[in-house]
Amino acid sequence: MVDPVPGDLAEVAAAFDRSRRRLAAAEPDAIVFVASDHFRQLVTSNMPAFMVGKAPSMRGTHPNEVREFGLPVREVPGDPDLARDLLGRHQLPDGFDFAFSDEPWLDHAFMVPLLYLRPQLDVPLVPIFTNCNAPPLPGAARFAALGEHIRTTIQRSSLERRVAVLATGHLAFELGGPRQLSGGSPGPDFDEEALGWIRAGDVAGAVAGCTYERLLDAGNLTFQFLNFIALMAAAGAGPPELAEAVHCRFGPEPFMTWGST
């Protein structure tokens, strides 16, 4: 965001600042970050459902995002040992055929939140790239299982890590369609119900409610809400400390925070 922050984005900036302070107070040793791929790492010649980045250092920001959005080029430290735990080390975990990369390249889905939430970029990161854009997509139940896998892996790990789990996505959102940037949400009914699931920690309700047809009806990028189902499950399917939707020119921007599990 530019300085001074435009009026309709001031509350978004304030919400990011609250989240930044909450993350700093947690003092994480590592971050596991679930975010949608935008045809950067996952491409139509090789489109897995989920991919784990396990490099010791990762490039941040693609050239077009520097050119179009003014994002800085950065290096982000990784945590290969924690990534290997999530991958199952010598054998893939039951129920997950993860792809992995030793050369992950982070785009805005990771970099924009990180630049606001941890601008020092000093906490080692394990990115989990999700396919929310190229059907056939993994269903909502698979995202819930992903979150549960993240939680149980961290709890059982022999590594001495205090781990923060982050996710980015959308409520109802349209890109390139007739409802793009219409000044409001393309699916206000979905937004209301989705916030209800989050505030109740209702993973089962979210899974049942997030059919392909329902998500598409709410907007063609609403599928990225599935990342939040993974976050809810990773938090132990309990109510969050905070769940809010901040309204701006892009529609309602969700922010949610859970404590330790």
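Structure: above.
Just so it is clear, the model here is predicted, and its values are computed rather than measured.

**Q** I keep staring at the pattern of salt bridges and nothing clicks. Help me out?
**A** Side chains that differ in sign of charge can pair as their charged atoms come close. Applying the stated criterion across every chain, the model contains 14 salt bridges. For the salt bridge of Arg-21 with Asp-17, the shortest nitrogen-to-oxygen distance reads 3.2 Å. Taken as a pair, Arg-21 and Asp-17 lie in helix α1 (residues 10-26) at a separation of 4 residues, close to a single helical turn. Using a relative accessible area of 46% as the deciding quantity, one classes Arg-21 as partly exposed.

**Q** How do you make sense of the packing of helix α5 (residues 140-156) against helix α9 (residues 226-234) when you look at a structure like this?
**A** Packed helices, taken two at a time, are described by the angle their axes make and the gap between the axes. Two elements in contact, α5 and α9, have axes separated by 7 Å at closest approach and are oriented at 40°. Where α5 crosses over α9, the two elements pack in a sense that is right-handed. When α5 is examined against α9, the residues Ala-140, Phe-143, Ala-144, Leu-146, Gly-147, Glu-148, Ile-150 and Arg-151 are found in contact with a partner set consisting of Leu-226, Asn-227, Ile-229, Ala-230, Ala-233 and Ala-234. Of the residues that constitute the contact of α5 with α9, the class distribution is 10 nonpolar, 2 polar and 2 charged.

**Q** Mind showing me how you'd approach helix α4 (residues 108-117) here?
**A** For an α-helix, the turn length of 3.6 residues means that residues three or four places apart are oriented alike. Of all the 10 residues making up α4, 7 are buried; the element is thus mostly covered by neighbouring parts of the structure. Of all the residues in α4, the buried ones are Ala-109, Phe-110, Met-111, Pro-113, Leu-114, Leu-115 and Leu-117. Capping the start of α4 is the job of one residue whose side-chain oxygen sits 3.0 Å from the backbone nitrogen of Ala-109: Asp-107.

**Q** What's the story with the packing of α1 against α4 in this structure? I'm lost.
**A** Look at α1 against α4: their axes get within 8 Å of each other, and the N-to-C directions meet at 75°. Relative to α4, the element α1 is oriented roughly perpendicular. Here Phe-16, Ser-19, Arg-20 and Leu-23 of α1 come into contact with α4, specifically with Pro-113, Tyr-116 and Leu-117. Looking at the contact of α1 with α4 residue by residue, the class counts come to 5 nonpolar, 1 polar and 1 charged.

**Q** How should I be thinking about the sheet that holds strand β3 (residues 57-60) in this particular structure?
**A** Strands pair in a sheet through their backbones, by hydrogen bonds, and they do so in one of two ways: parallel or antiparallel. One open sheet holds the 3 strands; their spatial order is β4-β3-β6, and the pairing between them is mixed. Here the strands that pair on one side only, and so sit at the sheet edges, are β4 (74-77) and β6 (105-106). Lying over the sheet, α4 contacts β3, β4 and β6, oriented at roughly 85° with respect to β4.

**Q** Sorry, what's going on with the environment of Gly-184 here?
**A** Positionally, Gly-184 belongs in the loop between β8 (163-167) and α6 (188-200). Assessed through its relative accessible area of 32%, Gly-184 is described here as partly exposed. In this structure, the C-alpha to C-alpha distance between Gly-184 and Phe-250, residues 66 residues apart in sequence, is 7.4 Å.

Conventions adopted
- Residues numbered from 1 in each chain as written.
- Predicted model: local features only at pLDDT ≥ 70, side-chain atom pairs only at ≥ 80, totals over all residues.
- Heavy atoms only, no water.
- Salt bridge = Lys/Arg side-chain N within 4 Å of Asp/Glu carboxyl O.
- Helix = DSSP H or I, 4+ residues; strand = E, 2+ residues; numbered from the N terminus.
- Buried < 20%, exposed > 50% of the residue type's maximum accessible area, 1.4 Å probe, protein only.
- Axes fitted to C-alpha atoms, helices over the stretch in contact; angles between N-to-C directions.
- Left-handed = near helix turned anticlockwise from the far one by under 90°.
- Contact = heavy atoms within 4.5 Å.
- Nonpolar A, V, L, I, M, F, W, Y, C, P; charged D, E, K, R; others polar.
- Polar contact = N/O pair within 3.5 Å; in protein donor to acceptor, adjacent residues only side chain to side chain.
- Parallel < 35°, antiparallel > 145°, perpendicular 65-115°, else oblique.
- Pairing = 2+ DSSP bridges.

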